[in-house]
Every structure is written in structure tokens, then in C-alpha cells.
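What follows is each chain in one-letter form.
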Amino acid sequence: MNNRSSTRASCGCTIDRLLRQEEAYIFITGAQKQSDTPAGKTYIAYNIRICDTETKRRYSEFESLRRALSRLHPTLIVPPIPEKHSIVDYAALQTRVKDDLPMIEKRKRMLQTFLNRVANHPELGRDHVFHRFLESGVAWSDVLHSPPLSQLPKNPLQMVVSKEVNAQAHKYNMILSSNLIPIPSATYVLKSPDPRFEESEKFTFRIANYMSNNLDKSQRKVIRRLGELANDYAELGAVYNGFSLNESGPVANAIEKIGQAVDASYTESAQMVTSLEGEFAEPIQEHSQFAHIVKQVLRFRHLKHAQMEMIEGSLESKKENLDSLQRMESEARRLEEAISRERTIGSNAVDIDELNNNHSSQVDASYPPRRATKTWASPVKMINAMGHSLQNIIDVDPEATRRNQIGKTKDAMDVLQEALEITRKDLSGASAELQTELDRFQKEKIKDLRDMLIAYAKIHIRYCQRNLESWQEARTEVDKISI
Amino acid sequence: MNDDYENVEWNVHATSDAYTPHVEGDDPLSAFSNSNGYQNNNNTHFGPMKGFVSTNGHFDDLSSSPPLPSSPSFMPTVMNGSKSTTATSPPLPPTAMTNGIKKEITVTTPSSSSSIPDTPKSSTAHHTYKSKSPYSAPSPPRESFVAKPMVISVADPQKHSDAQGTYITYLVTTTTTLDTFVSSHPRSVRRRFQDFVWLHNALLLEYPASIVPPLPDKHRLEYIKGDRFSSEFIDRRRMSLQWFLNRISRHPELQRSQSVRVFLESGDFRNDKRMQSRKVPPAASVLDTLSDTLLNAFTKIKKPDERFVDMKETVDKLEDNLDTVERLYSRIGKRQKDLQQDYASFSQSIQGLSTLETGISKQLQGFADTTSKYAKAMDEMNHDEDLLFLNDVHELLAYCHAAKVTLRARDQKQVDFEELSAYFHRTTQERERTLHPGRHLDGGLNISEIVTDKINEVRGIDMQHARREKLVRLERKIKELESEVAHANDVSNAFNDQVIKEYEVFQQAKTEEIKQGLVAYADSHIKFYETGVSIWESILPTLESIHIDDGDGDEEEVAEESSTTS
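Residues numbered from 1 in each chain as written. Chains lettered and ligands numbered in written order. Predicted model: local features only at pLDDT ≥ 70, side-chain atom pairs only at ≥ 80, totals over all residues. Heavy atoms only, no water.

Moving on to the overall build of chain A. Secondary structure assignment for chain A yields 12 helices and 3 strands. Relative to its full complement of 483 residues, chain A shows a buried share of 48%. In chain A, once contacts between residues fewer than 6 apart in sequence are set aside, the share between residues at least 24 apart is 75%. Accessible surface computed for chain A: about 24000 Å², of which carbon and sulfur atoms make up 51%. (Helix = DSSP H or I, 4+ residues; strand = E, 2+ residues; numbered from the N terminus. Buried < 20%, exposed > 50% of the residue type's maximum accessible area, 1.4 Å probe, protein only. Contact = heavy atoms within 4.5 Å. Areas by Shrake-Rupley, 256 points an atom, 1.4 Å probe, with all protein chains shown as cover.)

In C-alpha cells, the structure reads:
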């Protein structure tokens, strides 16, 4: 059928086979500092391993993989990768960002999650571009400069995205790339929006805002405060320890044990910070990013819809033009007939009104079709109009021009008609695909949320249990103080 | 009760009289130092001392001021004597005591510990003391220095108004087997803060060598802010007053004090208070003490007594440690409060999410509730920690200050005594020199003496006559000083003994209070973590009930399968 579906069926490569194995899991086994020999710049390379296949990729390559996947599949929710170092990080750590171990660990975890999310995605996981990323000995730049990536149009609206349309995917579609096809702007308001997508757009916007502005912030605060408290506890534990040295007997023992309990609180708090960071904070961040990705995907569908409406619109105006051209044509014909009849009545009699009328209608007639093709060039319109008047004065054969225009309009209408059909089909296909994707994503999100909440609760249970034990021990020791 | 006071007066005179003949011999100082292993004797008579120290060389006026044996500082000796008689009555069974006592924050330790026979208990106390101070202290029989069961509770604050303004009274209920009290049944009186202040001052005057438990701060800020009638403030003050009375009730001597009895028992407190104040020696000595302290503020102890140096060091260290804990906790407490608020706002965030993710809103709601419960439990822990442990630390700190004040008073006495002894020494030297003119005992040259002699020679004063007169004067002076120094020696010994006993009481109280605080501290944490485990565990099934695979329940509005778009 086409490239796309054949990819989907199976690219049959080694990686594809590996990924289809039961419980295949992609690991990032390590991260090393590497340096480009000529530039002398250093970067961190991450070792990716699936079964026995191992390869190294750097952060920027992950970034470009993600970009490539989302360009190839504008209707799919491509999982996020960890954010770039913020300027603040650079300012705070300066050149040492790359040596920042916790940061590298965090990236390792999040990049690993990213790869596995892609691998488990029903469509992205079968994309050969992704397989090439995992393959050892493949230079990523080669993948970037070969099809399908090299053939991707700049604007995803210029290609067919859904499998409904029997056309080549990941490539310029000749019809959609025609300069007759309008490019909608992001602010375009749909004339007949799809109520279901309107709903989910609203929902996604709210979720995205809520995630990044509220939930992520408040959970981060908890973690940060816990970290600060952990340090306080460390200090307090040391104080109790010193205190116990100044006392003697059971009192000293009791204070020492209390100090140990506080020390344990320190260790446990620090431990909890790490666990929460990995098992709660990072997924929340990820889903906050996800929400924004969903927003982008929905925006793409919105544009696709807008594109279809605009094609409809221009087809409509072309049709009007054609109608008026044809009306003019028939009028001109009637005029001619009338003139020829007039000649038979009185050869010297000239109807000035008729001539004037003819003259002005001539202008009218030649003008609208031009305008129809140049709808969006308003400042040019006047110049054109003047040009046409001039042309009319000079024009030797207005009829020929008119006929020519009628032909052109008809051609354009054919193209638009075809584009409209493709777009309509594509939109419907894309919408359906997007809908499935949203449903799938929603399930994935609920599952993630469930796992995160369970992890959160378990981490707290563990924290409380450990602390409980050490404090109970301390309590026993306090009881030994005899009075 | 009056008998006790009669006793007191009598004892004072008896002891001072009895000691005077002791002081014979050429060098009284050496005699004292031989009789005790150490030389830290104290003088208690500040008035005359001032004169001695400041007017070196003009001793004529000194002879006119006689020793004042009944100064308040002399009380320790008295108490030792009177106490042994009262302490012998057997303790009542503790069960009778604890019955009918409202379990406020009352520390019932005194009554509970009394179930143990007195002798082994005091011997353990003695043992710990020994282990802390490896010198051989002349230890008085400790069996007698044990508090009797006594439980005092401070409860039910009530607001009153009269012409002078509004004030709070507290219901003070005492249960004790002390024979100074009318009965062993619980007895309740109402007292206001001012009354506590009176008791505190009375005890300070009556027992200068004792560590009198401190009263809560005046809380000036609350007075200015005007919220000194807020329930929080009143309750905290009530707790502090409870601490104050607990400490008194644990103190073997203070618990028997007349002032304490009047405070705890009197039905006509206003009159009894006045009567009692009259019995307590006049407070004029406060001024003396003050000027004396100023005078000797920069004088160092010549022969520091290791025992008291150790005591001070121990108290200092304790104070340091407590202070560090308190300071650190002012930060940690705030941080814990912040964390608790962070959890609360996180809970709200989850709550908000539950209105967005309608498919799992029930579970999210449950999770939000759990988080806020957790925050609440944390808040309770903070509160308990603050009220029961940090308050304990704070009170103990105040007690440390009181202990240090007493130790400083002891030091002061030693300084005064040392000054007096030095003066005595100088006077005897003077006599020697007058007897044998031209001979310098210490080998040095007394310039002022020579100058005076020369001037007198020039004036043509009859040297022989003048010398005779001077000798007579000096002899009289030395006699007086002898008795004075001897007396001071006796007093200072008593003071030292008292401080040693006080220290023991203090250590005991400290141990008890530390235990009490640590128990509350550990318990508040245990309770919190237990609650934590249980609330987080109870939410797990709800969270696990989120099913992913059955299609409908989990999805929101976009969930429906779409087939076509227009």
C-alpha cells in the first residue's frame, strides 16, 4: 500500500524483533563523558542497551529523535524527554552542569522511561527511525539525512497524515503542497468546530495548566522542605550526641538513643526525598510535559481542520468567480448578438449607453477573477486593478483573456476539489487516530497516576515504619532512666 | 508551725554562741583549715564586712559594729537542725495519695517513687553523686534529705475582675502526708499569679542557700499585646506554675516551708501571708547583698573549691546543651510547621486534580484526604513536641539559671569570707609589727606605716603612748575578728553542705524532668509515625482499586470512540 503501512506492518529489522520479545526492556546502563576530538567540547553519552545490542547516544540526539518522531507522527502523543538545563542551572553551576551527578542520574532515569514509553507505544514502537536510534553502529546524523526524515515537508500540513488516505506518507503531497492550498494561521477560528475535540482541547488546557502551575509546584515544595528538614535533623542528631557525652548513666544512654532516632529521621528523610523525586516528582513532571504535548497534537488537528475549511472557502470563491465569469461571457455573447442585430437596423446609429455599459462591464468582468486568485494580497489589489484598466484600454482581445481565465479557474477548482477530498479524508482519519491515541494516552496516564500514588503512599509507609522503630527503641532506653 | 520558727531563732543563737569558744590559738586561719579539709569558709555578715574591706587602715569605726548572727544567710544551719526532727515521720502508703488527684499534667513521680523504701533510694542518689564528684565530701546523713510524697496540681484557671483590674486565679490542690499540713486529704485553694510571686520571693529570702525553683517569665510582650487572657497564654502559664510547684513538692526542705504551707493551705491567705512575711527575716538584706555583690563583683575566689567548680561546670554544660536544643528547635519547629502546610497544600492540589480527572476522582479524593490527615497528625506531633518536650527544656533551663544563682551566691560568700580572713590576717600582722617595731614579718617594706611613723615622730606625738593605745585597740579588734571569722567558718560550712544537698536535689529533679521530657518527646513521635503508617496503609486498597483495563470507568469526556468527523 504505502510506506507508512509497510513500516507499521513490520520493518523486520533486528531491533524490531528484539522489541517484540516478551518483556523487552530498554536500559540506560551508564553515562560517560565524551569529547569531540576537533572541537574539544565534552558531552555526556548515555549507554542504551536492549538485550545484547548496545549503543551510545547523547542528549541532543534524544532531542532530535523526539522531534523527528513528532514530525513523522503529528497526531501521536510522543512521550517527553527531560527538559534542557535551565539557564538558572547554568548560572548556579556554571561549567559543572555536565558533572552534576544527580542531574545525570535523573536524566538517565527519565530518558530510559522515554525510550520504553516509545517502545511500548503501539505505533511509535514500530517506527523504523526509532529502531535505527537503538541500533548499534548507526550514526544518527545519517538517519537524519536519509528518508523518510530528509523528505519530510517543513510544514506537516503539506503531507497526508492519516492512513485513511491512499497516499504516500512522510512526504510532500503534490496536491497539498500546491500554492493554491491556503496555509491556516494558529489563530484561525473554526467555522464548524468538532464539539468533541473542543471538549478535549479545553480539558487538556486545564490539565496542562493545573499540572505545571499547581500540582507540580506543590509536590516540589514538599520535597524541598523535606530535604531542608533532613539537614536540620542531621544537625539535631549531632547536638543530642554531644549532649549525651556530657551526661552519664541511663540519662546519657537515653539521650544518645534519642539522638540516634533523630539521625535515623535524617537518613530516612533524605532517602524519602530521593524516592519521591524518582517515583513521584519525575512522573508528575513528565505528565506535565505530556499535557503540553497533547496540546500541540490537538493544535495540529485544529490546523488540519482549519486547512480543510479554508480549502472549502477558496473553492467556494473560485466557484463564484467562475459563475460570474461565465455570466459575463454569456452577456458578452448576447451583446454581440445585439450589436449584430443593430447593424442590420441602422449602421450609423451608435448606442452610447450600450457602449459605456459594455466598457464598464468589461472592467467588471475582467476584474473579479483576478481578485479571486489574489485574495490575500490587498495592497497589490489596487495596482492590479490599475493594471487591468490599462490592459483593458490596450487590450485588443478581452474575450480571449476572459476565456483564458475561465480555464485557469476551472483548473484551480479541480486542484482544490481534489485537495479538499484528500484533506477531508485525512482529517477524518487523523481525528479518529487522534481520538484512539487520546484514549490510549488517558489510560496510560491513569495507570501512571495510580502507580505514582501507590508509590507515594508506600514511600510514606516505609518512612513512618522506619522512624517508628527507631523512636520506639529510643523510648525503651528512656524508660530505663530510674528515678 | 510556730514552734519551728521559735526553734530557728533559738538555734541561731545557740550555734553562734557555741562556736565562739572554739576560736582560740595564735593563728585561727590555720586552725580552721585543719579542722576541715578545705578553706572555703564564708562570712555572712555583709554590713560590717564592707567597712573592713573598704577602709583599710582606719579600723577604729569597725569596733562599734557588732556581729549580726541572725542574718538570713544564716538559715542553712538552722534548717539542718530543724529538718532532722521532721523528716523522721514514716511515709504514708502512696496509694492513699494518688487517689482523688486530678491527673492534669501533674507529675506524680514523688508519690510513685515513695513506694520504694527511703534508704535504698537515697543511697542510689548518694552513689550517683559520688560517681560525679570523686572527692571525699563530708556527706551529712542523706536518709533524712528525702522529699515526702506531695502532689500539687494547678488547674481550672478562672478570670476575676475587681477594682484593680482583671486577673486569673488557678485552683491549687495539694495532697500530702507531710505533718506540717492539717490533713492528708486533698485540699484546694485559689491563687493568682501575684501569690506565686509572693511565695517565690518568700522562699528566696528564707532559703538563700537553696535552689528555689524559678517562676515563669512575666511575658511582657503579652501584656503589651493585651492577649494575656488568651487561653493559650493562660494554659502555658498554668503549666509553668505547675512546674514551679512540682519542683517545690519534690524538694525535701522547701516542701516543709511555712510559706509553702500557708500558700497551699491558708483559707485566709491575705492575712496569713502578712503574718508569714513578718516571720521571715526582714528583706533589708537585699540591699546589702546587692551592694556587697557590686563591691566584690571583681574579686576572684582565692581558693576555688573543686566540688563547686565541678558543679558549676556540670550545670553550665547542661545549660549549653539545653540551650542549643532549644535554639535549634526554634528553627526545626518552624520547618516542621512549614512542611505540614506544604503537605496540606499538596493535598489541595490533589483535590483539585480529582475534579479534573473525573474517572478516578473518588480515589484522588481519598488520597487527598489521607494527605491532609497526615498533615494533621504532623501538626499534632509539632504541638505535643512543643508543649511537652520543648517546654520541659525551657523549664529546665530556667532551673539551671536558678541553680547557678545559688552557686554564685555561695561563691560570693566565699569571696567575702576570704576578704575577711585576709583582713584578720593583716590585723594580726599589724599587731605583731606594733609589738616589734622595725621588724617586717613578711620581709617587705610597709611604706605607709613608715611614713605614718615618721609623721607622728615629726609631730612629736608620744610614740610609746600611741603604740600602747594602738595595741589595745588591735587586741580588741582581733578578738572580735576571731569570733567573726570562726562564726563565718561555721556558717560557710553549713552553706556548703546545704549547696551540696541542693545540688543533689537539683540533679534528681533534672533526671526526672529530662526523663519526663524525653518520654513525651519519644511518644509524640511514636504516635505520629504510628498514625502515619496506619493512614497511608488504609489508602492503599483504594488506590489499588483503580483499574486500567476495563474501558469505561477510567476515562473522561474524550473517551468515546469516534468513527467520523465531518
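Each partner contributes residues to the interface: chain B has 73 residues there, and chain A has 74 residues. Buried surface at the junction of chain B and chain A, both sides included, amounts to about 6900 Å², of which 68% is carbon and sulfur. The tally of links from chain B across to chain A stands at 9 salt bridges. The salt bridge involving Glu235 of chain A is made with Arg331 of chain B; its shortest N-O contact spans 2.7 Å. Scanning the region where chain B abuts chain A turns up 20 residue pairs in polar contact (both at pLDDT 80 or more). For the side of chain B that touches chain A, the secondary structure elements donating two or more residues are helix H6 (109-113), helix H14 (306-356), helix H15 (361-435) and helix H17 (463-544) of chain B. For the side of chain B that touches chain A, the element with the most residues is H14 of chain B, which contributes 24 residues. (Buried area = accessible area lost by both parts, 1.4 Å probe. Salt bridge = Lys/Arg side-chain N within 4 Å of Asp/Glu carboxyl O. Polar contact = N/O pair within 3.5 Å; in protein donor to acceptor, adjacent residues only side chain to side chain.)

For Ser184 of chain B, the location among the structural elements is in the loop between strand S2 (165-176) and strand S3 (187-192). When the C-alpha atoms of Ser184 of chain B and Met150 of chain B are compared, they prove to be 9.5 Å apart, with 34 residues separating the residues in sequence.

With that out of the way, let us pick up the UniProt feature "coiled-coil region" (unreviewed entry) in chain B. As recorded in UniProt, the sites labelled "coiled-coil region" (unreviewed entry) are residues 308-335 and 464-498 of chain B. Counted over residues 308-335 of chain B, helix gives 100% and strand 0%. Its end C-alpha atoms are 40 Å apart. (UniProt positions renumbered as here; feature names shortened; annotations may be inferred.)

Here the focus is helix H10 (residues 231-250) of chain B. The terminal C-alpha atoms of H10 of chain B lie 28 Å apart, and with 20 residues this matches the ideal 28 Å at 1.5 Å per residue to within 8%. Most of H10 of chain B is tucked away: 16 of the 20 residues are buried. (Expected span 1.5 Å × (residues − 1).)

Tyr240 and Ile258 of chain A together with Tyr343 and Tyr521 of chain B are the most contacted members of the largest nonpolar core, which totals 102 residues. Elements that contribute at least two residues to this core include exactly helix H8 (195-246), helix H9 (249-345) and helix H12 (398-479) of chain A together with H14, H15 and H17 of chain B. When residues of this core are assigned to their parent elements, the largest contribution, 20 residues, is made by H17 of chain B. Setting aside anything within four residues of it in sequence, one finds Tyr240 of chain A in contact with Ile255, Ile258, Gly259 and Val262 of chain A together with Val325, Tyr329, Phe389 and Tyr521 of chain B. (Core = buried A, V, L, I, M, F, W, Y, C linked by side-chain atoms within 4.5 Å.)

We now examine the sheet that holds S2 of chain B. Residues and elements named next belong to chain B. One open sheet accounts for 3 strands, arranged S1-S2-S3; its pairing is antiparallel. Whereas interior strands pair on both sides, the edge strands pair on one side only; in this sheet they are strand S1 (150-162) and S3. Mean inter-strand twist for the sheet, computed between neighbouring axes without regard to direction, equals 25°. Pairing analysis gives 6 bridges linking S2 to S3, with the strands arranged antiparallel. Among the inter-strand pairings, Leu171 is bridged to a residue of S3, identified as Arg190. (Pairing = 2+ DSSP bridges. Axes fitted to C-alpha atoms, helices over the stretch in contact; angles between N-to-C directions.)

Residue and element names in this part refer to chain A. Put simply, H8 and H12 touch, their axes get as near as 14 Å, and they point 20° apart. In terms of orientation, H8 lies roughly parallel with respect to H12. The element H8 and its partner H12 pack so that their crossing is left-handed. Packed against H8, whose contacting residues are Phe197, Ser200, Phe203, Ile207 and Val222, the element H12 presents Ser431, Leu434, Gln435, Leu438, Gln442, Lys445 and Tyr456 at the interface. Each residue belonging to the contact of H8 with H12 can be placed in one class, and the counts come to 7 nonpolar, 4 polar and 1 charged. (Parallel < 35°, antiparallel > 145°, perpendicular 65-115°, else oblique. Left-handed = near helix turned anticlockwise from the far one by under 90°. Nonpolar A, V, L, I, M, F, W, Y, C, P; charged D, E, K, R; others polar.)

Here we come to the packing of aromatic side chains. With the rule as written, the count across this model stands at 27 aromatic pairs over all chains. Plain terms: the ring middles of Tyr46 of chain A and Phe62 of chain A are 6.3 Å apart, the flat faces sit at 85° to each other, and that makes the pair edge-to-face. One end of the pair, Tyr46 of chain A, is in strand S2 (residues 42-50); the other, Phe62 of chain A, is in helix H3 (residues 59-72), with 16 residues separating them in the sequence. Residue class for Phe62 of chain A comes out buried when judged on its relative accessible area of 0%. Here a set of aromatic residues connected by ring pairs shows up, and it is made of Phe280, Tyr456 and Tyr463 of chain A together with Tyr343, Phe346, Phe367, Tyr374, Phe528, Tyr529 and Trp536 of chain B. (Phe/Tyr/Trp six-rings, centres within 6.5 Å; stacked < 30°, edge-to-face > 60°.)

Per-residue pLDDT for chain A has a mean of 80; in total, 80% of the residues score no lower than 70. Scored below 50 in pLDDT, residues 1-8 of chain A shows 18 contacts in the model against residues more than four places distant or in partner chains. (pLDDT = per-residue confidence, 0-100.)

This brings us to the pattern of salt bridges. Considering all chains together, one arrives at 52 salt bridges over all chains under this definition. Between Arg402 of chain A and Glu329 of chain A there is a salt bridge, and its shortest N-O distance comes to 3.0 Å. Here Arg402 of chain A is found in helix H12, whereas its partner Glu329 of chain A is found in helix H9, with 73 residues between them in sequence. Look at the salt bridges and you will find they share partners, linking Arg225, Glu228, Asp232 and Glu235 of chain A together with Arg331, Lys334, Arg335, Asp338 and Asp342 of chain B into a network.

A cluster of acidic side chains, namely Asp411, Asp414, Glu418 and Glu421 of chain A, defines a negative patch on the protein surface. Judged by its relative accessible area of 52%, Asp414 of chain A falls in the exposed class. (Patch = residues over 30% accessible without salt bridge, like charges linked within 9 Å, V, L, I, M, F, W, Y side chains within 5 Å. Lys, Arg positive; Asp, Glu negative; His and termini not counted. Charge placed at Lys NZ, Arg CZ, Asp CG, Glu CD.)

Our next topic: the packing of helix H8 (residues 193-206) of chain B against helix H11 (residues 258-265) of chain B. Residues and elements named next belong to chain B. Orientation of H8 relative to H11, taken along the N-to-C sense of each, is 165°, at an axis distance of 9 Å. With respect to their mutual orientation, H8 and H11 come out roughly antiparallel. Taken as a pair, H8 and H11 cross one another with a handedness that is right-handed. Residues Asp195, Phe196, Trp198, Leu199, Ala202, Leu203 and Glu206 of H8 form the contact with H11, whose own contacting residues are Gln258, Ser259, Val260, Val262 and Phe263.

Residues and elements named next belong to chain A. Along S2, 7 of the 9 residues are buried, which leaves the element largely enclosed by surrounding structure. With 8 bridges joining them, strand S1 (residues 27-35) and S2 adopt antiparallel strand pairing. Looking at S2, one finds that Ile28 is bridged to Ile48. Two elements, S2 and strand S3 (residues 53-58), share 6 bridges in a ladder whose sense is antiparallel. Within S3, the residue paired with Tyr46 across the bridge is Arg57. Where S2 folds back on S3, the antiparallel hairpin that results is connected by 2 residues, among which Cys51 adopts a positive phi of roughly 50°.

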